[in-house]
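Observations on the three-dimensional arrangement
One letter stands for each residue in the lines below.
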Amino acid sequence: PYTTPFRPKQWYQRRVRGRKTRKQLKDDTRWEMTSLLDVEQKEKLFTQHIESLSSKRKRAFVRMLDECEHVTLTSSWKEVRRKIKHDSRFSKLSDDDKEREAEFDRYVTDKLAQAKADFRTLPKETKCITYRSKETLRGANGDAHMREIKQFLKNDKRGLVLDDLPEDRDRILDEHLTELEKVGPPPPPTATKPLAKR
């Protein structure tokens, strides 16, 4: 037997808003100018316009989160919501709080992925970290060497962005040290090859 497919709440809200918007458009005197377009073309233009507006609202929402000093990589929607709910960009994104929360979750996920990627590049630029570092950390001077490494990392903002996630930060650093130890010393510089005779 035929069963009605499940439709999320947002789908019905968009359909209702769409019908209301179409009625408003038909009441506009400029609607007659669209008579050269068939129904499918009108629907396509209308959908493109709605998607464009939605994209603008999402970009504004992201800018709002960027500007909010209370948003960190470990922030929860509940605590951030209290700080931003009076901003017009909060209400303009959507009437559905679940949709706003989903957009916030995507924002934090993207920021976290970028922060980890940035941090992974930093140890490669830190001169005190070598293929011997892992062995040094296991020895008597291990604590001193780790303090030296962390001090270098703190001098770059990429080394500070994961302060709220020390376990992730330490894991990424350890993975890099392990890989360096596995690869061993870098190859010696090769002699300059003589220019080929013409």
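Residues numbered from 1 in each chain as written. Predicted model: local features only at pLDDT ≥ 70, side-chain atom pairs only at ≥ 80, totals over all residues. Heavy atoms only, no water.

1. Some words on the packing of helix 3 (residues 77-84) against helix 5 (residues 97-121)
- Where helix 3 contacts helix 5, the axes come no closer than 11 Å and their chain directions differ by 110°. As far as their axial angle goes, helix 5 and helix 3 are roughly perpendicular. Residue-level inspection shows Trp 77, Val 80 and Arg 81 of helix 3 in contact with helix 5, the latter providing Asp 97, Arg 100, Glu 101 and Phe 104.
- In terms of residue class, the contact of helix 3 with helix 5 is made up of three nonpolar, no polar and four charged. (Axes fitted to C-alpha atoms, helices over the stretch in contact; angles between N-to-C directions. Helix = DSSP H or I, 4+ residues; strand = E, 2+ residues; numbered from the N terminus. Parallel < 35°, antiparallel > 145°, perpendicular 65-115°, else oblique. Contact = heavy atoms within 4.5 Å. Nonpolar A, V, L, I, M, F, W, Y, C, P; charged D, E, K, R; others polar.)

2. Re the packing of aromatic side chains
- Scanning all chains against the criterion turns up two aromatic pairs.
- Each ring, one from Trp 77 and one from Phe 90, has its centre 6.1 Å from the other, and the planes form 15°; the classification is stacked. Of this pair, Trp 77 sits in helix 3 while Phe 90 sits in helix 4 (residues 88-93); the two residues are 13 residues apart in sequence, bridging distant segments of the chain.
- On the accessibility criterion, Phe 90 (4% relative accessible area) is buried. (Phe/Tyr/Trp six-rings, centres within 6.5 Å; stacked < 30°, edge-to-face > 60°. Buried < 20%, exposed > 50% of the residue type's maximum accessible area, 1.4 Å probe, protein only.)

3. Observations regarding the pattern of salt bridges
- Counted according to the given criterion, the structure contains 14 salt bridges.
- Across the salt bridge formed by Glu 175 and Arg 171, the nearest N and O atoms sit 3.1 Å from each other. With Glu 175 and Arg 171 both in helix 8 (residues 166-183) and four residues apart, this pair spans about one turn of that helix.
- What makes Arg 171 partly exposed here is its relative accessible area of 35%. (Salt bridge = Lys/Arg side-chain N within 4 Å of Asp/Glu carboxyl O.)

4. Observations regarding the environment of His 176
- Secondary-structure assignment places His 176 in helix 8.
- Given the relative accessible area of 15%, His 176 is considered buried.
- Counting along the chain gives 52 residues from His 176 to Lys 124, while the straight-line C-alpha distance between them is 8.3 Å.
- Each residue touching His 176, except ones within four places of it in the same chain, is listed here: Pro 123, Lys 124 and Ile 129.

5. Focus: the confidence of the model for the chain
- In the predicted model, the chain carries a mean pLDDT of 83, and the fraction of residues at 70 or more is 77%.
- Overall, residues 1-7 carries pLDDT values under 50, and its contacts beyond four positions in sequence, including any with other chains, amount to one contact. (pLDDT = per-residue confidence, 0-100.)

6. Remarks on the packing of helix 5 against helix 8
- Running from N to C, helix 5 and helix 8 cross one another at 40°; their axes reach a closest spacing of 10 Å. In terms of axis orientation, helix 5 runs oblique to helix 8. Between helix 5 and helix 8 lies a crossing whose hand is right-handed. Across the interface between the two elements, Lys 116, Phe 119 and Arg 120 of helix 5 pack against Asp 168, Arg 169, Arg 171, Ile 172 and Leu 173 of helix 8. (Left-handed = near helix turned anticlockwise from the far one by under 90°.)

7. A word on the environment of Glu 69
- With respect to the element layout, Glu 69 can be found in the loop between helix 2 (39-67) and helix 3.
- On the basis of relative accessibility, which here comes to 70%, the residue Glu 69 falls in the exposed class.
- Separated by 14 residues in sequence, Glu 69 and Lys 83 place their C-alpha atoms 9.6 Å apart.

8. So, helix 3
- For helix 3, the complete set of buried residues consists of Trp 77, Val 80 and Ile 84. Around the axis of helix 3, the buried residues are gathered within 70° of arc, so they sit on the same side. Residues of helix 3 that are exposed and angled more than 90 degrees away from the buried face: Lys 78 and Arg 82.
- Each element contacted by the buried residues of helix 3 is listed here: helix 2, helix 4 and helix 5. (Arc of directions from axis to C-beta.)

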